[in-house]
Each structure stands twice: as structure tokens, then as C-alpha cells.
Amino acid sequence: MLGERVRQRRSALGLTQEQLSAATGLKQFHISRIESGDIKDVKGETLVRLARALRVRTDFLLGLEAVEGSELLTAVAS
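Starting from 1, residues in each chain are numbered consecutively following that chain's sequence as written. Owing to the predicted nature of the model, reporting of local features is limited to residues with pLDDT of at least 70; listing and counting of side-chain atom pairs is limited to 80 or more, with chain, interface and lining totals taken over all residues. The side-chain figures draw on all heavy atoms in the structure; neither hydrogens nor water molecules are used.

Student: How should the nonpolar core be read in this particular structure?
Tutor: Within soluble globular proteins, side chains that are nonpolar generally end up buried alongside one another. Judged by nonpolar contacts, the single largest core of 15 residues is most densely connected at V6, L20, L50 and L61. Helix and strand labels come from DSSP, where a helix needs a run of H or I of at least four residues and a strand needs a run of E of at least two; each type is numbered from the N terminus. Those elements that place two or more of their residues in this core are α1 (2–12), α3 (28–36), α4 (44–54) and α5 (58–61). The element that contributes the greatest number of residues to this core is α4, accounting for five residues. By definition in these notes, contact holds between two residues if any of their heavy atoms fall within 4.5 Å. Leaving out residues up to four positions away in the same chain, L50 has contacts with V6, L20, T24, L26, I34 and L61. The term nonpolar core refers to a set of buried residues drawn from Ala, Val, Leu, Ile, Met, Phe, Trp, Tyr and Cys, joined through side-chain atoms within 4.5 Å. Buried means the residue's accessible area, taken with a 1.4 Å probe over protein chains only, is under 20% of the maximum for its type, while exposed means over 50%, and partly exposed covers the values in between.

Student: Explanation requested: the environment of I39 in the structure shown.
Tutor: The topology assignment puts I39 in the loop between α3 and α4. When the C-alpha positions of I39 and L2 are compared, they lie 9.1 Å apart, and in sequence the two are 37 residues distant. Dropping the residues within four chain positions of it, I39 is found in contact with H30, R33 and I34.

Given below as C-alpha cells:
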């Protein structure tokens, strides 16, 4: 679920894995493994980095909220 949501949101924003890597400070290989489901549990810090770069709440990435809620985070991320 986490990997699917990361991939969907990244695609919706028009970002490549490399661009997301640069925005989060995570290696592209790590992002690829998260998206493919090879890594299901990520550290809290990694989750926060992904959420900020993807402009969503961590709850969305974890599947705890159905909507992206990016408009709520836009002001915080700026």
C-alpha cells in the first residue's frame, strides 16, 4: 500500500524517481524498492521526507486517510 501510494502521488506530480530522490535525500534505489513493495516498513524520518516531497500527509501514505490532503500541507511545506 505504501509503495503504491508513493508511486501514484509521484506520478501525479510528474516527478521521476530521481527527482524524488533529490527532494528527499533518499537514494533512488531505496525509492524504487519502496514503490515495488520490497520495503514495506520505513523509518519515521523516511516517511516524513516522502510526505513532504510529495506534498501529502503521512497518514495518506500509510493508507489511514483516503484523500491526498495536499492542499493542507502546501502552506506548511512552503
